[in-house]
Amino acid sequence: MQFQDVIGQQSVKQHLREMVEHNRLSHALLFLGKEGSGALPLALAFAQYIICQKVADAQPAGPSLFGDEPAGERLMPTDSCGECPACTKAAALVHPDVHFSFPVITKKSGTPPLSADWITDWREFIQQYPYGNVYDWLQAIGAENKQGNITAAECNDIIRKLSLKSFESPYKTLVLWMPEYLGKEGNKLLKLIEEPPDNTLFILVAESEEGILSTILSRCQLVKVPALEGSDVAAALQARNGTPPEGAQRIAAISEGNYREALQLLQHADEDFYNLLRDWLN
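### With respect to helix α10 (residues 230-241)
Over its twelve residues, α10 runs 16 Å from end to end, which matches the ideal 16 Å to within 8%, given 1.5 Å per residue. Where α10 is buried, its residues contact α11 (245-255) and α12 (259-266). Once α10 ends, the next one or two residues include Gly-242, with phi positive near 65°.

### Quick word on helix α2 (residues 39-51)
Here α2 spans 19 Å end to end across 13 residues, near enough to the 18 Å set by a 1.5 Å rise per residue. Judged by how many residues are buried, α2 sits mostly within the fold: 13 of 13 residues are covered.

### Structural notes on the confidence of the model for the protein chain
Residues with a pLDDT of 70 or more make up 92% of the protein chain, whose mean pLDDT is 88. Per-element confidence in the protein chain is highest for strand β2 (residues 98-101), whose mean pLDDT is 96, and lowest for helix α13 (residues 273-281), whose mean pLDDT is 70.

### Regarding the sheet that holds β2
The five strands lie next to each other as β2-β3-β4-β1-β5, forming an open sheet whose pairing is parallel. Either end of the sheet is taken by a strand with one partner, and the two such strands are β2 and β5 (221-225). For this sheet, the mean angle separating the axes of adjacent strands, direction not counted, is 20°. Pairing between strand β3 (residues 172-177) and strand β4 (residues 200-206): six bridges, direction parallel. Along β4, the bridge assignment pairs Leu-176 with Leu-204. The strands that α2 touches are β1 (28-33), β2, β3, β4 and β5; relative to β4, the one it contacts most, it runs at about 165°. The sheet strands contacting helix α7 (residues 152-163) are β2, β3 and β4, and the helix crosses β2 at an angle near 175°.

### A closer look at the nonpolar core
Residues Phe-31, Phe-46, Trp-122, Trp-137 and Trp-177 are the most contacted members of the largest nonpolar core, which totals 88 residues. With eleven residues, the top contributor of residues to this core is α2. When near neighbours in sequence (up to four residues on either side) are disregarded, Trp-177 contacts Leu-40, Ser-101, Phe-102, Pro-103, Trp-122, Phe-125, Gly-132, Asn-133, Val-134, Trp-137, Ile-150 and Val-205.

### Re the pairing of β1
Residues in a regular strand point their side chains to alternate faces of the sheet. Counting buried positions along β1 yields six of six residues, so the element is predominantly enclosed. Burial along β1 is two-sided: the residues Ala-28, Leu-30 and Leu-32 and Leu-29, Phe-31 and Gly-33 are all buried. Pairing of β1 with β4 involves five bridges; the strand directions are parallel. Within β4, the residue paired with Ala-28 across the bridge is Phe-202. Pairing between β1 and β5: five bridges, direction parallel. Bridge assignment links Leu-32 to a residue of β5, and that residue is Lys-224.

### Quick word on the pairing of β2
Burial of the side chains of β2 extends over both faces: Val-98 and Phe-100 are buried on one face and His-99 and Ser-101 on the other. Pairing geometry for β2 and β3, over four bridges, is parallel. Within β3, the residue paired with His-99 across the bridge is Leu-174.

### Some thoughts on the pattern of salt bridges
All chains considered together, the criterion is met by nine salt bridges. Across the pair Asp-121 and Lys-107 runs a salt bridge, and its minimum N-O distance is 3.7 Å. Residue Asp-121 is located in helix α5 (residues 119-128), and its partner Lys-107 is located in the loop between β2 and α5; the two are separated by 14 residues in the primary sequence. Exposure remark for Asp-121: the relative accessible area of 24% places this residue in the partly exposed category.

Basis of the calculations
- Residues numbered from 1 in each chain as written.
- Predicted model: local features only at pLDDT ≥ 70, side-chain atom pairs only at ≥ 80, totals over all residues.
- Heavy atoms only, no water.
- Helix = DSSP H or I, 4+ residues; strand = E, 2+ residues; numbered from the N terminus.
- Expected span 1.5 Å × (residues − 1).
- Contact = heavy atoms within 4.5 Å.
- Buried < 20%, exposed > 50% of the residue type's maximum accessible area, 1.4 Å probe, protein only.
- pLDDT = per-residue confidence, 0-100.
- Pairing = 2+ DSSP bridges.
- Axes fitted to C-alpha atoms, helices over the stretch in contact; angles between N-to-C directions.
- Core = buried A, V, L, I, M, F, W, Y, C linked by side-chain atoms within 4.5 Å.
- Salt bridge = Lys/Arg side-chain N within 4 Å of Asp/Glu carboxyl O.

Structure follows, in structure tokens:
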């Protein structure tokens, strides 16, 4: 995913680019944004940006992205190229140096729930519902009433993966979606986050700051992702779904910057709009 695929959020995109340009990237970032704001798509686009060959070529030899040496003068691309082998793999969520962790349920009886068991389903979900929430995800994998979790076994698997050498990129990246689902087992990751292997980047993507372990929260650099502008929601509905301008503006006005909610409302666009508005407010 590229920045251009992410709806709105121009100031956040610029902030992320500047962190790379000025060599001031933290080893652990927390993308914090409410449902439908695009925090996860931003994280995926940023992970692709970091490993893009065009971006790598723009960096002078020597300094890393993590502030070990002065940045010097350099002009960074505004987006990943989307064409190099690294971008192609990252866009398909199959790059060997970009790892994913997210709430899951047990797939096979007698085995611990691991993200790796659901990675094929995850790729399909992200391609279809990049602005979906955790409820959408758990329903997509047939969780029904089961509670998804990020368990101690998952934390051990993260530690194992990030202890390995990178395969293709200079950087290893972990995108951890919904750290609110980490229980106290998340403390297993503290040492890894605080003293990570060289050129390792943690990107946590959350909706609620209160739900994250304080020990993890204190070790992350916060990237706030605000609700989308109504104009950006309306423009996306028109461009991506062919929604007529008037209808797009109506839906954007009541979605409150939540693109997932806007898509839900769009499904009922043929119903009487005022009855829909009344029911939604109720």
